[in-house]
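What follows is the residue order along each chain.
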Amino acid sequence: MKDETPALDVRGVHKAFGGTEVLRGVDLRLRRGESAAVIGPSGAGKSTLLRAINHLEAPDRGHVLVDGELMGYRRHRRVLVALRDRELLRQRTRIGFVFQNFNLFPHLTVTENIIEAPVGALGVPPARARERAARLLARVGLADRGGAYPRQLSGGQQQRVAIARALALEPVLLLFDEPTSALDPELVNEVLTVIKDLAREGTTMVVATHELGFAREIADTVIFLDSGVVVEAGPPEQLLDAPRHARTQAFLAKVL
Amino acid sequence: MELGARWPRRPGATLTEARRATNLPDGPDDLDALPRVPAPRPWRWVAGAVGLVLAAQFGHGLVTNPAWEWGTFFDYLLSETVVSAVWVTVQLVLVSGVLGFALGSLIGAMRLSRSRMLRGVAGTYVWALRSVPLMVQLLFWFNLAYLYRRIGLGIPFGPVLVSVDTLHLIGTMAAAVIGLTLHQSAYAAEIIRGGVASVDPGQMAAAEALGIPRLRQWRRILLPQAMRAILPNAVNEIVSLLKSTSLVSVMAIGELFYRVQILYGRNGRVVPLLMVATVWYLALTTVLTLVQHRVERRFAWVGSDGDGRAAA
């Protein structure tokens, strides 16, 4: 039997900062286990889209449903009541977010970074959280670095810790905001490899990226975002090799 | 010399050439044999010597000038009346320091709130309390009983449920503590707000994205990082508070400065008694500085200042 509830359902999301409309009605649907790559020029709204999905930026219009649950609001008869902080924060524990600049907590060790949210937000006993952190660190290839502080690690290692930290919440959805853009070129691959493994294992994810080869490899759907709208979306072989829209063609011609 | 040869010869050029000649090695092997010495810095020695002479002169004066009356100084330094006054000063600092920073944390958090109303209330509070001189504030609290005879608890603009005489409720010591606390809280609020603002916004974004509860975000993520910016300023404020306690002498509270004034008013030995107060203030500030070093080390995590600090 097939579960028809999409893991992620983004419906007509709009977001403006000041007078600038960054997102102008974005739709996006992912079934469980699917992964999407969002590509597009800088300023297209890729980061804002990801931040709107987990309500780091509340959308001005439109809705986001994660695993069937409406983000940020509760329905009360004929109105949508904005969630209180506590409820919204609980919703976010179902979504893992990996930042471009890692944003590890510099005053905590690698292990402490990973167990902070499971212990603090979900109430997992610290001993259990540590065991799980050790397994996650092994999975991202950093089994022996649990006691290190973020600044003692390379950028690639820091980003792998950040991925482990996001996975520690056992999220139903993972969001990656240009996870390799802040890395030195020789460190990009170690991070991409980890993300590829996750995609292969059937993690539902949305990745904003500039790495088209990587997008082709991991994504079930590639979405070309420009000026806050989805210009074109489709399987990688279609969108990257035979784009229909002139703007997609122009962008790919510039990048490749 | 080829490059130099292209320029026209001027009389001054000979000096440059002479210098360049001394800088030229005789041969590549000779350089290794030469000893290395530091660059000569004669002015450092001159400045150092001037400083030393001035310090020696001052020290000499302290010892030989009879006007300092060191006998009197030592008579009073550890006398019971002075030591008990020091204790009053310490109590004033401790109580209004702790209360001031507790209240300041609240006001600082309000200034960072997303609610415009809370920000407005906190902003006005800081604005008002920083604008009025501490001395004026202290006198206001001291004279509160003239302004409001009774203080009551009840419904705002409605009936009063219980009330007491202001004079009984607020004694001089309480008035001093309230004045110092409120003054301190306004500055503490600004220090805490500045410290929190110095933390990379990405840290808050990460804590939000991980769904960490609000209070825990503050306790585990924001404050430990903000502390590095908060601590030096906070200690500065406490040192400043220590000295501000001398102002409450106008309210006839037996703290250090008031007691010393009483003593020299009686015996006329102004200088040695001022020196007693000075030495005590120096000692208390030294203690605060030592505490600061310990606490700062506690909040220095690995690599927090480039490489060195935490390892040292």
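Each chain carries its own residue numbering, running from 1 in the written order of its sequence. In the order they appear in the text, chains get letters beginning with A and ligands get numbers beginning with 1. Thresholds applied to this predicted model are a pLDDT of at least 70 for local features of residues and 80 or more for the giving and counting of side-chain atom pairs; totals over whole chains, interfaces and linings are not thresholded and use all residues. Derived side-chain values reflect all non-hydrogen atoms in the structure, with water molecules and hydrogen atoms excluded from consideration.

**Q** I'd like a rundown of the overall build of chain A, residues and numbers included.
**A** Segments assigned H or I by DSSP are reported as helices when at least four residues long, segments assigned E as strands when at least two residues long, and all are numbered from the N terminus. Looking only at helices and strands, one finds nine helices and 12 strands in chain A. C-alpha atoms define the radius of gyration, and 2.2 Å times the number of residues to the power 0.38 defines the globule rule. For 256 residues, the compact-globule formula gives about 18 Å, and the C-alpha radius of gyration of chain A, at 18 Å, lands near that figure. Principal axes of the C-alpha set define a box for chain A whose edges measure 50 × 50 × 45 Å. Within chain A, the proportion of its 256 residues that are buried is 55%. Contacts are residue-level and defined by heavy atoms, with any inter-residue pair within 4.5 Å sufficient. Of the contacts formed within chain A by residues at least 6 apart in sequence, a portion of 64% connects residues at least 24 apart. Accessibility throughout is a Shrake-Rupley quantity obtained with a 1.4 Å probe, and a residue counts as covered only by protein chains that appear here. Counting only carbon and sulfur atoms, one obtains 47% of the accessible surface of chain A, whose full area is about 11600 Å². Counted as positive: Lys and Arg. Counted as negative: Asp and Glu, with His and the chain ends omitted from the count. For the purpose of locating charges, the reference atoms are NZ of Lys, CZ of Arg, CG of Asp and CD of Glu. Taken as two groups, the 34 positive and 31 negative side-chain charges of chain A have centres that lie 6 Å from each other. Note on classification: 1.4 Å probe, protein chains only; a residue is buried when its accessible area is under 20% of the maximum for its type, exposed when over 50%, partly exposed between these limits.

**Q** Outline helix H14 (residues 256-267) of chain B, supporting the account with residue identities and numerical values.
**A** All names here are of chain B. One less than the number of residues in a helix, times 1.5 Å, gives the span that helix is expected to have. Helix length check: H14 (12 residues) gives 17 Å between terminal C-alpha atoms against 16 Å at 1.5 Å per residue, within 8%. Three or more residues of H14 are buried, namely Leu256, Val260, Leu263 and Tyr264. Down the axis of H14, the buried set is contained in an arc of 90°. They therefore lie on one face. Residues Gly265 and Arg266 are exposed on H14 and point more than 90 degrees away from its buried face. Here the arc refers to the directions that run from the helix axis out to each C-beta atom.

**Q** How would you summarise the packing of aromatic side chains if you had to cite specific residues and measurements?
**A** The criterion for an aromatic pair is that two Phe, Tyr or Trp rings (for Trp, the six-membered ring) have centres within 6.5 Å, with stacked assigned to planes under 30 degrees apart, edge-to-face to planes over 60 apart and tilted to the rest. Applying the stated criterion to the full structure yields six aromatic pairs over all chains. Pairing Trp70 of chain B with Phe74 of chain B gives two aromatic rings, centres 6.5 Å apart and planes at 40°, and the pair type is tilted. A residue pair is termed a helical-turn pair when its members lie 3 or 4 positions apart in one helix, as Trp70 of chain B and Phe74 of chain B do in helix H5 (residues 70-77) at four residues. Relative accessible area serves as the criterion here: at 57%, Phe74 of chain B is assigned to the exposed category. The structure contains a cluster of three or more aromatic residues connected by ring pairs, namely Trp68, Trp70, Phe73 and Phe74 of chain B. A cation over an aromatic ring shows up here: Arg165 of chain A above the ring of Phe105 of chain A, its NZ or CZ 4.6 Å from the ring centre. Placement of a positive charge over a ring is assigned whenever Lys NZ or Arg CZ falls within 6 Å of the ring centre and within 35 degrees of the normal to the ring plane.

**Q** Kindly report on the sheet that holds strand E9 (residues 173-177) of chain A, identifying the contributing residues and their values.
**A** All names here are of chain A. The criterion for strand pairing is that DSSP finds at least two bridges linking the strands in question. One open sheet holds the six strands; their spatial order is E8-E9-E10-E3-E11-E12, and the pairing between them is mixed. Looking along the sheet, the strands with just one partner apiece sit at the ends: strand E8 (95-98) and strand E12 (229-234). Between one strand and the next, the sheet's axes are offset by a mean angle of 15°, whatever the strand orientation. Pairing geometry for strand E11 (residues 221-226) and E12, over five bridges, is antiparallel. If you follow Phe224 over to E12, its bridge partner there is Glu232. A fitted line through C-alpha atoms serves as each axis, taken over the contacting stretch for helices, and the angle formed by two N-to-C directions is quoted from 0 to 180°. In the packing of helix H5 (residues 155-167) onto the sheet, the strands contacted are E8 and E9, and the crossing angle to E8 comes to about 170°.

**Q** Which residues make up the packing of helix H11 (residues 172-197) of chain B against helix H13 (residues 214-244) of chain B, and what values do they have?
**A** Residue and element names in this part refer to chain B. Contact pair H11 / H13: the axes reach a minimum separation of 8 Å and the direction vectors enclose 145°. Pair H11 / H13 crosses with right-handed handedness. Residues Leu180, Gln184, Tyr187, Ile191, Ile192, Gly195 and Val196 of H11 form the contact with H13, whose participating residues are Trp218, Leu222, Leu223, Ala226, Ala229, Ile230, Asn233, Ala234, Glu237, Leu241 and Ser244. Each residue is assigned to one class: nonpolar for Ala, Val, Leu, Ile, Met, Phe, Trp, Tyr, Cys and Pro, charged for Asp, Glu, Lys and Arg, and polar for all the others, Gly among them. Among the residues forming the contact of H11 with H13, the class breakdown is 13 nonpolar, four polar and one charged. Note on convention: near helix rotated counterclockwise from far helix by under a right angle means a left-handed crossing. Clockwise means right-handed.

**Q** Could you give me a rundown of the interface of chain B and chain A, with the residues and numbers involved?
**A** With 24 residues of chain B at the contact, the number on the chain A side is 26 residues. Each partner contributes to the roughly 2100 Å² buried at the junction of chain B and chain A, and carbon and sulfur atoms together form 60% of this total. In the sections that follow, a salt bridge refers to a side-chain nitrogen of Lys or Arg positioned within 4 Å of a carboxyl oxygen of Asp or Glu. Along the contact surface separating chain B from chain A lie five salt bridges. Polar contact criterion, stated in full: a pair of N or O atoms within 3.5 Å, where within protein one must be able to donate a hydrogen and the other to accept it, and residues adjacent in sequence count only if both atoms are side-chain atoms. In this assembly, chain B and chain A are joined by eight residue pairs in polar contact (both at pLDDT 80 or more). Within the residue set of the side of chain B that touches chain A, elements represented by two or more residues are helix H12 (201-209) and H13 of chain B. Of the residues in the side of chain B that touches chain A, the class split is 11 nonpolar, seven polar and six charged. What gets called buried area is simply the loss in accessible area from a 1.4 Å probe that two parts show on being joined, summed for both.

**Q** Account for a nonpolar patch on the surface, naming residues and giving values.
**A** All names here are of chain B. Taken together, the side chains of Val132, Met135, Val136, Leu139, Phe140, Phe142, Leu147, Tyr148, Ile151, Val164 and Val250 define a hydrophobic patch exposed on the protein surface, amounting to about 900 Å² of accessible area. Examining the composition of the nonpolar patch, we find that five residues originate from one element, helix H8 (residues 134-142), more than from any other. For Ile151, a relative accessible area of 31% puts it in the partly exposed group. Patch rule: a residue counts if its relative accessible area is over 30% and it has no salt bridge; like charges are joined within 9 Å, and nonpolar side chains (Val, Leu, Ile, Met, Phe, Trp, Tyr) within 5 Å.

**Q** I'd like a description of the layout of surface pockets, backed by residues and values.
**A** Residues and elements named next belong to chain B. Of the volumes computed, that of the largest pocket is approximately 600 Å³. Along the wall of the largest pocket there are 25 residues; nearest its centre are Phe101, Leu231, Ala234, Val235 and Ile238. Among the secondary structure elements, those contributing two or more residues to the lining of the largest pocket are helix H6 (80-111), H13 and helix H15 (270-298). In terms of residue class, the lining of the largest pocket is made up of 22 nonpolar, three polar and no charged. Size it by volume and the second largest pocket reaches roughly 490 Å³. Taken together, 17 residues make up the lining of the second largest pocket; nearest its centre are Leu112, Ser113, Arg114, Met204 and Trp218. Looking at the lining of the second largest pocket, the elements with two or more residues in it are H6, helix H7 (116-131), H11, H12 and H13. Class assignment for the residues of the lining of the second largest pocket results in 11 nonpolar, one polar and five charged. Put plainly, a pocket is an open set of points on a 1 Å grid over the protein atoms alone with protein on both sides within 12 Å along at least five of seven lines, a cavity is a set where a 1.4 Å probe fits but cannot get out, and a lining residue has an atom within 4 Å of a point. Grid points are joined across faces, edges and corners, and a volume is the space filled by probe spheres set on the points.

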